[in-house]
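These are the residues of each chain, in order.
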Amino acid sequence: MISSRIIALAIFGAVALANPLQRRTATNVFPSPPTTSSLSKPITVAAGTTFTPPQAYTRYDRGSGACQGQSEGGDSDAVFLLQEGATLSRVVIGANQSEGVHCLGSCTLDHVFFEDVCEDAITIKQTSGTSRINYGGVLLFSFLLIQHNGNGTRSQYPFLIFLQFYVEDFGKLYRSCGNCGTQYTRQVEINDVWAVNGDVLAGINSNYGDTATIRTTRAQNVDTICLRYNGNDDGDEPVEVGSGPDSKYCLYSTSDITS
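Within an unreviewed UniProt entry, the label attached to the protein chain reads Pectate lyase, and the organism entered is Amanita thiersii Skay4041. The record held by UniProt for the protein chain lists under Sequence similarities (unreviewed entry) the comment "Belongs to the polysaccharide lyase 3 family."

Dropping the structure here:
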């Protein structure tokens, strides 16, 4: 039987098979990596610097067998570690990894594409500042793209800005941590995302005052746009409490979502 990862690799570098070629700001046209670099340890991008590979869209991974399913990994399992103010630009994260990118401080991902996701693609651990994910895409992730564990500020609020991204065959695009030992009020903006065949676009903790602002987003066969939970800080599974626009936590209207 051909695995889902092999299928994802076969279509990477071409238009996603479920959709005809359509050029938008968020695009389903993925780059073809010119070469692959399999790492023995994460690449750390220093504070305030930008990592761009010598050949644009080089594939980086952690070697065959690195993915251990949904086993929770740590910083040592990541492909890239981004320090405060670091930028990762024009890379492809290969399927052979346990954890993709860990932002240890506020970070920027610019034109970063994922062939597949093992556990989490991007983990946000910042304690201050605003992180941005600008342009890129992911094919085939059954669990979670962005895990927002840390704090951050835009004015007085934690913030993540998510722009111009394509996702297909996914579990959750964004999740504010539902049971971290230290909880915060977190906010996310999702703009010009193109999402195809997924469960949840954004999951937030309304009891901690989280908000998800969603604008100009295309969702095709996505079950839930915004899902509200009661989060906790004791490790228990968070409880779903509602979904849909409510003018307080899930900030969008039906006109902001097209199919």
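A. Spatial organisation of the pairing of strand β11 (residues 159–176). Most of β11 is tucked away, with 14 of its 18 residues classed as buried. Inspection of the sheet shows β11 paired to strand β12 (residues 187–191) by five bridges, in the parallel sense. Note on β12: the bridge partner recorded for Leu160 is Val188. Where β11 and strand β13 (residues 194–205) come together, seven bridges link them in parallel fashion. Following the sheet pairing, Lys172 is matched in β13 by Val200.

B. Broad picture of a negative patch on the surface. Together, Asp233, Asp234, Asp236 and Glu237 make up a region of like negative charge exposed at the surface. In this structure, Asp236 sits in the loop between β15 (217–230) and β16 (239–243).

C. Examining the pattern of salt bridges more closely. Tallying each qualifying case throughout the model produces five salt bridges. In this structure, the salt-bridge partner of Arg228 is Asp246, at a minimum N-O distance of 3.3 Å. Of this pair, Arg228 sits in strand β15 while Asp246 is found in the loop between β16 and β17 (250–251), placing the two residues 18 residues apart along the sequence. By relative accessible area, Asp246 is classed as partly exposed at 26%.

D. How the structure looks around the confidence of the model for the protein chain. Mean pLDDT over the protein chain works out to 85, with 84% of the residues at or above the 70 mark. Considering only residues more than four positions removed or in separate chains, one finds that residues 4–23, a stretch of pLDDT under 50, has 49 contacts.

E. Broad picture of the state of the cysteines. Applying the stated rule across the entire model yields four disulfides. Linked covalently through their sulfurs, Cys67 and Cys118 form a disulfide whose S-S length is 2.1 Å. Disulfide Cys67-Cys118: torsion about the S-S bond near 85°, hence right-handed. Placement of Cys67 in the loop between β4 (58–61) and β5 (80–82) and of Cys118 in the loop between β8 (107–114) and β9 (120–124) is noted, with a sequence separation of 51 residues between them. Residue Cys67 is classed as partly exposed on the basis of its relative accessible area, which comes to 23%. Residue classification places Cys118 among the buried positions, given a relative accessible area of 2%. Between the sulfur atoms of Cys226 and its disulfide mate Cys250 the distance is 2.1 Å. Where Cys226 bonds to Cys250 through sulfur, the torsion about that S-S bond is close to -75°, and the disulfide is left-handed. Separated by 24 residues along the polypeptide, Cys226 in strand β15 and Cys250 in strand β17 bring together distant segments of the chain.

F. The nonpolar core, seen in detail. Judged by nonpolar contacts, the single largest core of 50 residues is most densely connected at Phe80 and Leu82. Among the elements that line this core, the one with the most residues is β11, at seven residues. Those residues within four positions of Leu82 in sequence are excluded, and the remaining contacts are Val45, Thr87, Leu88, Val101, His102, Cys103, Leu104, Gly105, Cys107, Thr108 and Leu109.

G. Structural detail: unusual backbone geometry. If you check the backbone angles, Gln164 has positive phi at about 55° while not being a glycine. Residue class for Gln164 comes out partly exposed when judged on its relative accessible area of 27%. Even without a glycine there, the phi angle at Thr216 is positive, about 45°. A relative accessible area of 55% means that Thr216 is categorised as exposed.

Reading the values: the criteria
Residues numbered from 1 in each chain as written. Predicted model: local features only at pLDDT ≥ 70, side-chain atom pairs only at ≥ 80, totals over all residues. Heavy atoms only, no water. UniProt positions renumbered as here; feature names shortened; annotations may be inferred. Buried < 20%, exposed > 50% of the residue type's maximum accessible area, 1.4 Å probe, protein only. Helix = DSSP H or I, 4+ residues; strand = E, 2+ residues; numbered from the N terminus. Pairing = 2+ DSSP bridges. Patch = residues over 30% accessible without salt bridge, like charges linked within 9 Å, V, L, I, M, F, W, Y side chains within 5 Å. Areas by Shrake-Rupley, 256 points an atom, 1.4 Å probe, with all protein chains shown as cover. Salt bridge = Lys/Arg side-chain N within 4 Å of Asp/Glu carboxyl O. Lys, Arg positive; Asp, Glu negative; His and termini not counted. Charge placed at Lys NZ, Arg CZ, Asp CG, Glu CD. pLDDT = per-residue confidence, 0-100. Contact = heavy atoms within 4.5 Å. Disulfide = S-S within 2.5 Å. Core = buried A, V, L, I, M, F, W, Y, C linked by side-chain atoms within 4.5 Å.

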